[in-house]
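Chains, contacts and geometry: an overview
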Amino acid sequence: MAALGWLTPRRRSASARSVLAGEASAEAARKTALAETPHVTAPDLDTDLEALTGEEEEAEFPVAGDDLAAAFFDLDNTVMQGAAIFHFGRGLYKREFFRRRELARFAWQQAWFRLAGVEDPEHMQDARDSALSIVKGHKVSELMAIGEEIYDEYMAERIWPGTRALAQAHLDAGQKVWLVTAAPVETATIIARRLGLTGALGTVAESVDGIYTGRLVGEPLHGPAKAEAVRALATAEGLDLERCAAYSDSHNDIPMLSLVGHPYAINPDTKLRKHARTHDWRLRDYRTGRKAVKVGVPAAAGVGAIAGGAAAAIALHRRRK
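Now for a description of the structure that goes with this document. Predicted, not measured: the structure shown is a model, and the values here were computed from it.

Definitions and limits used
- Residues numbered from 1 in each chain as written.
- Predicted model: local features only at pLDDT ≥ 70, side-chain atom pairs only at ≥ 80, totals over all residues.
- Heavy atoms only, no water.
- Helix = DSSP H or I, 4+ residues; strand = E, 2+ residues; numbered from the N terminus.
- Polar contact = N/O pair within 3.5 Å; in protein donor to acceptor, adjacent residues only side chain to side chain.
- Contact = heavy atoms within 4.5 Å.
- Buried < 20%, exposed > 50% of the residue type's maximum accessible area, 1.4 Å probe, protein only.
- Pairing = 2+ DSSP bridges.
- Axes fitted to C-alpha atoms, helices over the stretch in contact; angles between N-to-C directions.
- Expected span 1.5 Å × (residues − 1).

Along the chain, the position of H170 falls in helix α7 (residues 161-172). A distance of 2.6 Å separates polar atoms of two side chains, one belonging to H170 and the other to Y247. For H170, the residues in contact, after removing those within four places along its chain, are F61, P62, A71, F73, Q175, V177, A245 and Y247.

This next bit is on the side chain of R287. Relative to the helices and strands, R287 resides in the loop between β8 (282-284) and α12 (291-294). Here R287 falls in the buried class, since its relative accessible area comes to 11%. At a separation of 3.2 Å, a polar atom in the side chain of R287 contacts the main-chain carbonyl oxygen of P268. At 2.7 Å, the side chain of R287 forms a polar contact with the side chain of D285.

Moving on: the sheet that holds β8. Strand order in the open sheet made by the six strands is β3-β2-β1-β6-β7-β8, with parallel pairing throughout. Strands with a single pairing partner mark the edges of an open sheet, and in this sheet they are β3 (199-203) and β8. For this sheet, the mean angle separating the axes of adjacent strands, direction not counted, is 20°. Here strand β2 (residues 176-184) pairs with β3 via four bridges, running parallel. Each residue of the ladder has a partner; that of L179, found in β3, is A200. Running at roughly 160° to strand β1 (residues 70-74), α7 makes contact with β1, β2, β6 (245-248), β7 (262-266) and β8 of the sheet.

The subject of this paragraph is α7. Helix length check: α7, at twelve residues, gives a terminal C-alpha distance of 16 Å against a target of 16 Å (1.5 Å per residue), a fit within 8%. For α7, the buried fraction is high: ten of the twelve residues fall into the buried class. Where α7 terminates, the next one or two residues include G174, which has phi positive at roughly 85°.

Next up, the structure:
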């Protein structure tokens, strides 16, 4: 029976490491947030929120001029189709950051997460260590520059217009809008800047003198750690969480969604959809038909989800032969 332990979902509460991860992410986000975020409309975006969402706008939300409110958006499958780290992995492989030997290991780790569907601590740690080994010794500035290129190559066309319109509504109301993701904070910050958002909370990889050490600060910003990051940022920014909004597709983000007074389930997975209906949270789904069932990369892998990039890398390598 012990061998089947990974089949049993585990409940996670905030640990000292998740608090540390959340506080580190909040500190990094405040340091890198845009000083003056331009309230611009994304290219080719119809700013008619009702037309994009297929639903009527809430009469008095977001409240214009409410500087005690902010909005927190999960990234993967909420703001963007697929996982940011998956696309980042594709870009790194294209730039020969991976060796052939690493590809097989990453592909196996990604397959495990997809099959198990739950968080096995030992497997997650192995995947995170593998992912961090890729960037160890590289300059932070180098990865930031590459991230800008990868956004243009793989991410720009994958932004959900409906979710982007929701974020724009908060910006137009004079509120700050933050991404909250398990992806590296550097990658998340690039995406936030490109979308004209305030900034991003993401997983913080340790660096010394601008060089990655191959270690994390705390743990990946996932599950309870996301909630801790939002809580820490709200405290630092003087926000009233009851007046804030949060948006996510995953049941793993229920801790974050439960913190705010306006939780939204966007493109929700089965567990989040059920929870949202039970608690009378608002739902929006921008997927259609079978795509709504098939879309999604497990968030459970955290930083280890870079293994998804390996799967794409293998496919690309085979095509080139």
